[in-house]
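Close look at the chain arrangement
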Amino acid sequence: METARKLSAPAEQALNICPFVVSAWARLLQVAPTLLASVETDLKQAGLPPTQWYDALAALERAPGGVAPSEIERHLLLTQCTTSRLIDRLVADGLANRVSHPDDRRRQIVHLAPAGKALINRMWPVYAEAIERHVGKKLDGNDAQALIRILEKLA
């Protein structure tokens, strides 16, 4: 087990932080991008788009009445610019449709297109297998539940 980064005594007292919390933070920042990169590689090798596409399309699937771009932005934790480009690409590829909001023509609503639903169905088996390979094979059910509890505290 990795030992916690040792802070100087004055720093520990001034910050009042457990050194294991600092190590946990650093490890979280290291592990998440590594796992995501592994899953992205599996999708790419299968000729599929990145996880952001799946996550955006899945958000649209959960909202049959459509979703405002700002909701996708919040759900995926993306910047407005990145969300806009992602939606533009999904629409250009025929995976989603963009329409004006019925109450406010300045706002838009994004809907899942049939091709988007088909892509979700093609991506999920590969995505699920990647999650299983990179996470599920390393955590048993108890570990996974403990991780969920810990991450919920951070959320």
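Described below are features of the structure shown in this document. (Residues numbered from 1 in each chain as written. Predicted model: local features only at pLDDT ≥ 70, side-chain atom pairs only at ≥ 80, totals over all residues. Heavy atoms only, no water.)

1. As for the packing of helix α3 (residues 51-61) against helix α6 (residues 114-136)
Counted only if it meets this: Interaxial angles span 0 to 180 degrees and are taken between N-to-C directions of axes, which are lines fitted to C-alpha atoms, for helices over the stretch in contact. Helix and strand definitions follow DSSP, with helices as H or I runs of at least four residues and strands as E runs of at least two, each counted in order from the N terminus. Comment on the angle field: the value is read as roughly parallel under 35 degrees, roughly antiparallel over 145, roughly perpendicular from 65 to 115, and oblique elsewhere. A clockwise turn of the near helix away from the far one marks a right-handed crossing, whereas an anticlockwise turn of less than a right angle marks a left-handed crossing. It only takes one pair of heavy atoms within 4.5 Å for two residues to be counted as in contact. Three classes are used: nonpolar for Ala, Val, Leu, Ile, Met, Phe, Trp, Tyr, Cys and Pro, charged for Asp, Glu, Lys and Arg, and polar for all others, with Gly counted as polar.
Between α3 and α6, the least distance of the axes is 10 Å, while the angle of their chain directions is 125 degrees. By the angle between their axes, α3 is oblique relative to α6. For the element pair α3 and α6, the recorded crossing hand is left-handed. Judged by residue contacts, Thr 51, Trp 53, Tyr 54, Asp 55, Leu 57, Ala 58 and Glu 61 of α3 engage Gly 116, Lys 117, Leu 119, Ile 120, Met 123, Trp 124 and Tyr 127 from α6. Taken together, the residues that form the contact of α3 with α6 break down as nine nonpolar, two polar and three charged.

2. Here we look at the pattern of salt bridges
Working definition: two side chains of opposite charge can pair if their charged atoms are close together. Stated formally: Salt bridge criterion: a side-chain nitrogen from Lys or Arg within 4 Å of a carboxyl oxygen from Asp or Glu. Categorising residues by exposure relies on relative accessible area from a 1.4 Å probe, with only protein chains included: less than 20% of the type maximum marks a residue as buried, more than 50% marks it as exposed, and the intermediate range marks it as partly exposed.
As enumerated under the stated definition, the model contains six salt bridges in all. Residue Arg 89 pairs with Asp 93 through a salt bridge whose shortest N-O separation is 3.5 Å. Given a relative accessible area of 46%, Arg 89 falls into the partly exposed group. By relative accessible area, which is 37% here, Asp 93 ends up partly exposed.

3. Considerations on the packing of aromatic side chains
Here is the rule we go by: Stacked, tilted and edge-to-face are the three classes applied to pairs of Phe, Tyr and Trp rings, where Trp contributes its six-membered ring and a pair requires centres within 6.5 Å; stacked means planes under 30 degrees apart, edge-to-face means over 60, and tilted covers the rest.
By the definition in use, this model includes three aromatic pairs. Aromatic side chains Tyr 54 and Trp 124 sit 5.7 Å apart centroid to centroid with 25 degrees between the ring planes, which places their arrangement in the stacked category. Here Trp 124 lies in helix α6 and Tyr 54 lies in helix α3, a separation of 70 residues in the sequence. Take Tyr 54: its relative accessible area is 12%, and that puts it in the buried class. On the numbers, 5.8 Å between centres and 65 degrees between planes, the contact of Trp 124 with Tyr 127 is edge-to-face. Taken together, the residues span about one helical turn, with Trp 124 and Tyr 127 both in helix α6 at a distance of three residues. The exposure class of Trp 124 is partly exposed, given its relative accessible area of 41%. For Tyr 127, a relative accessible area of 11% gives the class buried. Three or more aromatic residues joined by ring pairs form one cluster here, namely Tyr 54, Trp 124 and Tyr 127.

4. Quick look at α6
What counts, and what does not: A helix is expected to span 1.5 Å multiplied by its residue count minus one.
The end-to-end C-alpha distance of α6, which contains 23 residues, comes to 31 Å, matching closely the 33 Å that a straight helix rising 1.5 Å per residue would cover. Of the positions making up α6, those classed as buried are Gly 116, Leu 119, Ile 120, Met 123, Tyr 127, Ala 130 and His 134.

Take it as geometry only, folks, not as evidence of what the structure does.
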